[in-house]
Amino acid sequence: MAHEASETPGELDGLLRSLKVWSPDTTELRPFDPDTAPPTPLPLFTAWLAEAARAGQPEPHAMSLATVDEEGRPDVRVLLLHGADADGWTFGTHATSRKGRDLAGNPYAALAFYWPLLGRQVRVRGPVTAAPAEAGQDDLRARSTGALAAALTGRQSEDLGSLDELRRASEAAWEQAREDPSAPAPTWTLYRLHPRSVEFFQGDPDRRHVRLAYRRTEFGWERRLLWP
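Residues numbered from 1 in each chain as written. Predicted model: local features only at pLDDT ≥ 70, side-chain atom pairs only at ≥ 80, totals over all residues. Heavy atoms only, no water.

Chemist: Tell me about the overall build of the chain, and name the residues and values.
Modeler: Each helix and strand in the chain was counted, giving 6 helices and 10 strands. Along the three orthogonal principal directions, the C-alpha set of the chain runs to about 55 × 55 × 40 Å. Put simply, the chain has 228 residues, and 34% of those count as buried. Excluding contacts between residues fewer than 6 apart, the proportion of contacts in the chain whose partners are at least 24 apart in sequence is 64%. When the accessible surface of the chain is split by element, carbon and sulfur atoms take 54% of a total near 13,900 Å². Between the centroid of the 27 positive side chains of the chain and the centroid of its 33 negative side chains there is a distance of 5 Å. (Helix = DSSP H or I, 4+ residues; strand = E, 2+ residues; numbered from the N terminus. Buried < 20%, exposed > 50% of the residue type's maximum accessible area, 1.4 Å probe, protein only. Contact = heavy atoms within 4.5 Å. Areas by Shrake-Rupley, 256 points an atom, 1.4 Å probe, with all protein chains shown as cover. Lys, Arg positive; Asp, Glu negative; His and termini not counted. Charge placed at Lys NZ, Arg CZ, Asp CG, Glu CD.)

Following this line, the structure appears as structure tokens:
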């Protein structure tokens, strides 16, 4: 017998209206003076990420990655930031995955970080390039055995016949990862998003949210405020 949903649309509406946003019990909305922001976005991003971690934000390096396929249909998912420098923000995935295929056909993407404990968001947009194969393998070896096992399991985004099939493939991949920590995962790829715009959002208890946007020009970065 099919499982019947226990919530009706009306109950969902009531639940959504009852949920609190930025409760003072859990969220600290810190003042943000954009005049003190650095001339480039990376130092501010680094500072905000560190502050989110110190505030106890779970997985502050988790981010949403939005891509578009060749037919212009958008997709979004959550994954982890692997690094960032003056040239861009990096993340890894299989080139054969859905997001890998999207980036092959339309190499432009957007990232979004959300740290509710501080009422902060950061949005990054720009073109994406794939690093050389060696860089992807080096990135994978620098991570955990579990990360390598997941990469070796492979077939990301393909149809799965059963959870038992996944279990068997995963167990074999874990064994290989433990026995050979340098085992190659040929389709694993390190991608770099080269930012053309970076926006910082700081929530305000009176809804006077501060939005500071950096945009890259031929002369370097320019900054401007945006209406909330």
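Chemist: Could you give me a rundown of the nonpolar core, with the residues and numbers involved?
Modeler: Grouped together as the largest cluster of nonpolar side chains are 28 residues, with contacts concentrated most on F113 and V122. Every element with two or more residues in this core is listed here: α2 (41–54), β1 (62–68), β4 (88–94), β5 (108–115), β6 (120–130), β7 (188–193), β8 (197–202) and β9 (210–217). With 10 residues, the next largest nonpolar core counts L140, L148, A151 and A183 among its residues. (Core = buried A, V, L, I, M, F, W, Y, C linked by side-chain atoms within 4.5 Å.)

Chemist: Report on unusual backbone geometry, specifying residues and quantitative values.
Modeler: One can expect most non-glycine residues to show negative phi and most peptide bonds to be in trans. A positive phi is found at W22, a non-glycine position, where the angle reads about 55°. Along the chain, W22 turns up in the loop between α1 (9–18) and α2. We note that R207 has phi near 65°; this positive angle belongs to a residue other than glycine. Locating R207 in the fold gives a position in the loop between β8 and β9.

Chemist: Please give an account of the layout of surface pockets that cites residues and values.
Modeler: In this model, the largest pocket occupies a volume close to 280 Å³. Taken together, 18 residues make up the lining of the largest pocket; nearest its centre are L79, G92, R143, Q156 and W188. Breaking the lining of the largest pocket down by element, the ones donating at least two residues are β2 (74–80), β4 and α5 (145–153). Residues that form the lining of the largest pocket fall into these classes: 7 nonpolar, 7 polar and 4 charged. (1 Å grid on protein atoms, 1.4 Å probe; cavity = no way out; pocket = protein on both sides within 12 Å on 5 of 7 lines; lining within 4 Å. Points joined across faces, edges and corners; volume = space filled by probe spheres on them. Nonpolar A, V, L, I, M, F, W, Y, C, P; charged D, E, K, R; others polar.)

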